[in-house]
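# Overview (structure and organization)
Here's the letter readout for the chains.
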Amino acid sequence: MRFKNLSSKIRSGLYHHRAVGEFQGLRLHLRVEEDGSGILIINGSRMLFLNRTATEHIHLFLHGMTEDAAVKEIQRKFKVDRETARKDHRDILFTINTFAKTADVDPVSYLGVEKIEPFEKELSAPYRMELAVTYRCDTNCFIRGSHVMNELGLNEWCKIMDKLYTIGVPHVIFTGGEPTLRDELSKLIDYSQKRDLVSGLVTNGRKLKDATYLNSLITAGLDHIQITIESHDEKIHDKITGVEGSWRDTLQGLKNAIETPIYTITVTTLTQINIREITQTIEFLHNLGLKQFACRSLPYFEETPNNIKEFALDEKSLTPILTRIAHYCESIGMDFSYYTPQNQILKSSELEQGIIDSKTCWTNLFIEPDGTVIPFQNYLTPLGNLLTDDWKKIWNHPICIELRNRSDLRNH
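Parameters at a glance
Residues numbered from 1 in each chain as written. Predicted model: local features only at pLDDT ≥ 70, side-chain atom pairs only at ≥ 80, totals over all residues. Heavy atoms only, no water. Helix = DSSP H or I, 4+ residues; strand = E, 2+ residues; numbered from the N terminus. Buried < 20%, exposed > 50% of the residue type's maximum accessible area, 1.4 Å probe, protein only. Contact = heavy atoms within 4.5 Å. Areas by Shrake-Rupley, 256 points an atom, 1.4 Å probe, with all protein chains shown as cover. Pairing = 2+ DSSP bridges. Salt bridge = Lys/Arg side-chain N within 4 Å of Asp/Glu carboxyl O. Phe/Tyr/Trp six-rings, centres within 6.5 Å; stacked < 30°, edge-to-face > 60°. Lys NZ or Arg CZ within 6 Å of the ring centre and 35° of its normal. Core = buried A, V, L, I, M, F, W, Y, C linked by side-chain atoms within 4.5 Å. Polar contact = N/O pair within 3.5 Å; in protein donor to acceptor, adjacent residues only side chain to side chain.

## Structural notes on the overall build of the chain
The number of helices and strands found in the chain is 14 helices and 15 strands. Classification of the 412 residues of the chain by burial places 55% in the buried group. Once local pairs closer than 6 in sequence are excluded, the contacts in the chain between residues at least 24 apart make up 67%. Working note: accessible area of the chain is about 18,800 Å², and carbon and sulfur atoms make up 48% of it.

## So, the environment of Lys291
Along the polypeptide, Lys291 turns up in the loop between helix H9 (278-287) and strand E10 (292-297). Along the chain, Lys291 and Met334 lie 43 residues apart, while their C-alpha atoms are 5.1 Å from each other. Setting aside anything within four residues of it in sequence, one finds Lys291 in contact with Met334 and Asp335.

## Points about the pairing of strand E1 (residues 13-18)
Burial within E1 is extensive, with five of its six residues counted as buried. Two elements, E1 and strand E2 (residues 27-32), share six bridges in a ladder whose sense is antiparallel. Residue pairing in the sheet places Leu14 in a bridge with Arg31 of E2.

## Let's talk about the pattern of salt bridges
The tally for this structure, following the rule as stated, stands at 17 salt bridges. Across the salt bridge formed by Arg206 and Asp138, the nearest N and O atoms sit 3.7 Å from each other. On the criterion of sequence distance, the pair formed by Arg206 in the loop between strand E7 (198-203) and helix H6 (211-220) and Asp138 in the loop between strand E5 (128-132) and helix H4 (154-167) is long-range, its members being 68 residues apart. Accessibility expressed as a relative area gives 16% for Arg206, which makes it buried. On the accessibility criterion, Asp138 (26% relative accessible area) is partly exposed.

## Quick word on the packing of aromatic side chains
As enumerated under the stated definition, the model contains seven aromatic pairs in all. Taking 6.2 Å as the distance between ring centres and 35° as the angle between the ring planes, the aromatic pair formed by Trp247 and Phe284 counts as tilted. Of the two residues, Trp247 is situated in helix H8 (residues 246-258) and Phe284 in helix H9; the sequence distance between them amounts to 37 residues. Relative accessible area serves as the criterion here: at 22%, Phe284 is assigned to the partly exposed category. With a centroid separation of 6.3 Å and an interplanar angle of 15°, the aromatic rings of Phe293 and Phe336 are classed as stacked. A residue pair is termed long-range when its members are at least 10 positions apart, and Phe293 in strand E10 and Phe336 in strand E11 (residues 335-339) qualify at 43 residues. The lysine or arginine in question, Lys207, covers the ring of Tyr213, its NZ or CZ lying 4.5 Å from the ring centre.

## Points about helix H7 (residues 234-241)
Within H7 the residues assigned to the buried category are Ile236, His237, Asp238, Ile240 and Thr241. In the core, the buried residues of H7 are packed alongside strand E8 (224-228) and H8. Positive phi appears at Gly242, one or two residues downstream of H7, with a value of about 80°.

## Regarding unusual backbone geometry
Here the bond from Gly176 into Gly177 is cis, since omega is 15°, no more than 30 degrees from zero. Mapping Gly177 onto the fold places it in the loop between strand E6 (171-175) and helix H5 (185-194).

## Details of the nonpolar core
Counting 73 residues, the largest nonpolar core has Leu131, Phe174, Leu270, Phe293 and Ile325 as the members making the most contacts within it. Discounting chain neighbours no more than four positions away, the residues touching Phe293 are Thr268, Ile278, Ile282, Leu285, Ile325, Cys329, Met334, Asp335, Phe336 and Ser337. Listed in part, the 20 residues of the second largest apolar core include Ala19, Val32, Leu40 and Ile42.

## As for helix H1 (residues 52-62)
Of all the 11 residues making up H1, 10 are buried; the element is thus mostly covered by neighbouring parts of the structure. Among the residues of H1, those classed as buried are Thr53, Ala54, Thr55, Glu56, His57, Ile58, His59, Leu60, Phe61 and Leu62. Considering only its buried residues, H1 is in contact with E1, E2, strand E3 (38-42), strand E4 (46-50), helix H2 (67-77) and helix H3 (82-101). In the segment just after H1, Gly64 is the residue with positive phi, at about 80°.

## A look at the side chain of Ser199
Position of Ser199 relative to the elements: it lies in strand E7. A distance of 3.3 Å separates polar atoms of two side chains, one belonging to Ser199 and the other to Gln193. Those residues in contact with Ser199 that sit more than four places away from it in its chain are His171, Val172, Phe174, Ile189, Ser192, Gln193, Gly221, Leu222, Asp223 and His224.

Next up, the structure:
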């Protein structure tokens, strides 16, 4: 798939496509970087790193060209015969479809995709942005204690989503605090769809016990939901959330979400309170019909609030705990993911290799309720404000660069 005499590059930016026909159900975002290489984001969750020629092929597909038309365009742009152009085009589309629909496929070893080390690429923006639309919370949220911050209005958040699309971010997560406390949440989701952004919701699930409210979010275009449930045990969950009756609300909200057609997952915060019965919690969620268990740990930096430190597990004990969880999930046929305090997602194989630190400021960033950009939720140093500051200054902030270079996050 290498052609000679590469002609003019595709204009850099973000290209979106909802596939039909043979590829029905695929939602594709192609981000073309300044050097002509690309990143294909499939259904907002899986990524393929592309060389310049593969980017050209996919760009033609996203613009609705038939195979014959694409082959002619490739022949026109590059010195290549028709047979080679057709074979490469079919191979690339096969790669996309297989990678999207087949679990646990290694795109390098199985599908013949050229290997590009993602952390070595110079990127223009992350792939996902977490939008904390409020820091208000109706349970014990693990963010800056009881932090209060001015909240942007609906129009201002829409301007932020406009900017995110412009800089090439295809995926937004509405979070908080508790995002369902924002009355305009369905309107925010609706606008994200108008901007062709994949949208997710991170919630404690309490308000989703109202099926009518949940359906209003789905009708607006919500793509996936993550619900926080801290234990199979009602008393343990309520102790962690600090609200009596919250477990019953969350459980009903989770059951309602599972019954909808959109992707639903849970996350459990590993703490000193719930870790002893964690396998029972996993089994409980498995019996509800969930096929994946995800958990997270609490950050333990110097600036971490004391109310979080009281719950947090000792860092040295975390790896054996995660290994035990991974083995138990495997034994009952559940996938397992771990979210680091920097919100990097790690799979079982990575945990077994002892990989705990993340490449933060690379795949995602976090926007606070007033538009301030920070590396991740509990990292307090601002990088700038998305409404008022130039994006390149934010993305190339010394702290952002330092974190992308695997600096020791515990020093901050």
